[in-house]
Amino acid sequence: MGRRDSPAVAHNKGKLGFMRRLTLGLVTAAVGAAGVVAMSQGPAVAQAAADLPTLVAEGQPLYARNCAPCHGAEGNGGAGPPVAGNSFVGSISAILNQIFLGNDARGMPAFTRLTDREVAAISNYVRNSMGNAYPDLVTPEAAAATRPAG
Ligand code: HEC
């Protein structure tokens, strides 16, 4: 038969090739399907879960626990200055930095133990309650980008 495969061997090679292609195709399809599910659910869920009303609602009890002791339940101040009607909180970067860094010398602790989402929630709450109305969303991503390294 020389170097050429018999028709039977050639036929089997063809079958193997088909099985390999089939397997590869199925794996590719499965990975592709998983990717589509991840893509269709991931950002959509994250977006719905991080809208302004949701984060403001999450921020209320977090403010009550972490901030109200010094800034007042109604934001009128105490050990810390008022946050009600305080244009300082109109700046997203200012409020994020204030929460993350605090001001040790003047008596405000740094809140690095809060998660990015919690800091964003508190910021949105303070900016949209107690007479403040700054509807630009403070995102958890913005908090993450402001969080000090380390
Ligand atoms: C232990 C008391 C204390 C707690 C708790 C506290 N703060 Fe403060 N905060 C202060 C003091 C004191 C200042 C003034 C220091 C300064 O000017 O940086 C201040 C300043 C601020 C300012 C800047 C106001 C301005 O006009 O300069 C903001 C905004 C603020 N705090 C928000 C918060 C938020 C939000 C929380 C909760 C996560 C919080 N603080 C928790 C004491 C506190």
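Residues numbered from 1 in each chain as written. Predicted model: local features only at pLDDT ≥ 70, side-chain atom pairs only at ≥ 80, totals over all residues.

## Some remarks on the overall build of the protein
Within the protein one finds six helices and zero strands. The order of α-helices and β-strands along the protein, N terminus first, is α-α-α-α-α-α. Counting the 150 residues in the protein, one finds 19% classified as buried. Residue pairs in contact within the protein that sit at least 24 positions apart in sequence constitute 59% of those at least 6 positions apart. (Helix = DSSP H or I, 4+ residues; strand = E, 2+ residues; numbered from the N terminus. Buried ≥ 20, exposed ≤ 12 C-beta atoms within 10 Å, placed from the backbone. Contact = placed C-beta atoms within 7 Å.)

## Considering the packing of helix 2 (residues 52–66) against helix 5 (residues 116–127)
At a closest axis distance of 6 Å, the pairing of helix 2 and helix 5 adopts a crossing angle of 95°. The pairing of helix 2 with helix 5 is recorded here as roughly perpendicular in orientation. For the pair formed by helix 2 and helix 5, the contact residues are Leu52, Leu55, Val56, Glu58, Gly59, Gln60, Leu62, Tyr63 and Asn66 on the first element and Glu118, Ala120, Ala121, Ile122, Asn124, Tyr125 and Val126 on the second. In terms of residue class, the contact of helix 2 with helix 5 is made up of ten nonpolar, four polar and two charged. (Axes fitted to C-alpha atoms, helices over the stretch in contact; angles between N-to-C directions. Parallel < 35°, antiparallel > 145°, perpendicular 65-115°, else oblique. Nonpolar A, V, L, I, M, F, W, Y, C, P; charged D, E, K, R; others polar.)

## Notes on the site of the ligand
The environment of the ligand is formed by 23 residues, the closest being Cys67, Cys70, Gly80, Asn103 and Met108. Only helix 3 (68–71), helix 4 (92–101) and helix 5 provide two or more residues apiece to the shell around the ligand. (Near = placed C-beta within 6 Å.)

## A few points about the nonpolar core
Formed by 19 residues in total, the largest nonpolar core has its most connected members in Ile95, Leu96, Val119, Ala120, Ile122, Tyr125 and Val126. Looking at which element gives the most residues to this core, the answer is helix 5, with six residues. In this structure Val126 touches Tyr63, Val83, Val89, Ile95 and Asn132, once residues within four positions along its chain are discounted. (Core = buried A, V, L, I, M, F, W, Y, C linked by C-beta atoms within 7 Å.)

## A look at helix 2
For helix 2, which comprises 15 residues, the first-to-last C-alpha distance of 20 Å matches the rise-based estimate of 21 Å (1.5 Å per residue) to within 8%. Residue Gly59 marks the point of greatest curvature in helix 2, where the axis turns by about 30°; the proline Pro61 follows within four residues. Those residues of helix 2 that fall on the buried side of the exposure criterion are Leu55, Val56, Gly59 and Tyr63. In this fold, the buried residues of helix 2 make contact with helix 3 and helix 5. (Expected span 1.5 Å × (residues − 1). Bend = angle between axes of the 7 residues up to and from the residue.)

## Some words on helix 5
Over its twelve residues, helix 5 runs 16 Å from end to end, which matches the ideal 16 Å to within 8%, given 1.5 Å per residue. In terms of burial, helix 5 is largely enclosed, as nine of its twelve residues are buried. Every buried residue belonging to helix 5 is among Val119, Ala120, Ala121, Ile122, Ser123, Asn124, Tyr125, Val126 and Arg127, and all of these are buried. Residues of helix 5 that are buried in the fold lie against helix 2, helix 4 and helix 6 (140–146).

## Focus: the confidence of the model for the protein
Per-residue confidence for the protein averages 82 on the pLDDT scale, and 67% of its residues sit at or above 70. Within the model, pLDDT remains below 50 along residues 34–39, and this stretch shows zero contacts once partners closer than five positions in the same chain are excluded. (pLDDT = per-residue confidence, 0-100.)

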